[in-house]
Amino acid sequence: MPKVSQLSNEEVSKILHLKLLGKTVKKISKLLNRSKSMIYRVLTRKTPYETKPRPGRPNVTDTRSDRRVHRTVFQVRKCRFAKLLGLPGCNSPRTLFIDEL
């Protein structure tokens, strides 16, 4: 099975322009001498020939919760280090609660 040659940016822009003019996929494929499936592929992609996002495990928390967790962990580490050195401070409710655990 022969490999399909990749469309140039010029051909992609022609396809998009012809579709905006109201041409059907069949007419576009005949005009550019390309298969209908290639035309459909160009028209259905959000941005032509851009890499698709990789599938992965979705995040459980949002970015705001992530920042809150990082900030709390940083405060706890800071307070524990201060307690080791015998320095005063670190009476925030978060760190007191976590220290009790």
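Quick note: structure is the one above.
Below, the structure is looked at part by part. Because the structure is a prediction, the values reported are computed rather than measured.

Time to look at the overall build of the protein chain. Within the protein chain, the regular secondary structure consists of five helices and zero strands. Counted from the first residue to the last, the protein chain has its helices and strands arranged as α-α-α-α-α. Looking at the protein chain as a whole, 18% of its 101 residues qualify as buried. Considering only intrachain contacts with a sequence separation of at least 6, the fraction spanning at least 24 residues in the protein chain is 38%. Of the roughly 9100 Å² of accessible surface on the protein chain, a fraction of 57% belongs to carbon and sulfur atoms.

This next bit is on the pattern of salt bridges. Scanning all chains against the criterion turns up two salt bridges. With its nearest N and O atoms 4.0 Å apart, the salt bridge here joins Lys14 to Glu10. Placement of the pair is Lys14 and Glu10 together in helix H1 (residues 9–20), with a separation of four residues, close to one helical turn. With a relative accessible area of 40%, Lys14 lands in the partly exposed category.

Next up on the list: helix H4 (residues 63–85). Compared with the 33 Å implied by 1.5 Å per residue over 23 residues, the 33 Å span of H4 between its first and last C-alpha is a close match. Just beyond H4, the residue with positive phi is Gly86, at close to 80°.

To continue, consider the side chain of Arg34. Counting through the fold element by element, Arg34 comes out in the loop between helix H2 (25–32) and helix H3 (36–44). Within polar-contact distance, the side chain of Arg34 engages the side chain of Glu11 at 3.1 Å. In this structure, Arg34 is in contact with Ser5, Gln6, Leu7, Glu11, Ser29 and Ile39, ignoring residues within four places of it in sequence.

About the cut-offs
Residues numbered from 1 in each chain as written. Predicted model: local features only at pLDDT ≥ 70, side-chain atom pairs only at ≥ 80, totals over all residues. Heavy atoms only, no water. Helix = DSSP H or I, 4+ residues; strand = E, 2+ residues; numbered from the N terminus. Buried < 20%, exposed > 50% of the residue type's maximum accessible area, 1.4 Å probe, protein only. Contact = heavy atoms within 4.5 Å. Areas by Shrake-Rupley, 256 points an atom, 1.4 Å probe, with all protein chains shown as cover. Salt bridge = Lys/Arg side-chain N within 4 Å of Asp/Glu carboxyl O. Expected span 1.5 Å × (residues − 1). Polar contact = N/O pair within 3.5 Å; in protein donor to acceptor, adjacent residues only side chain to side chain.

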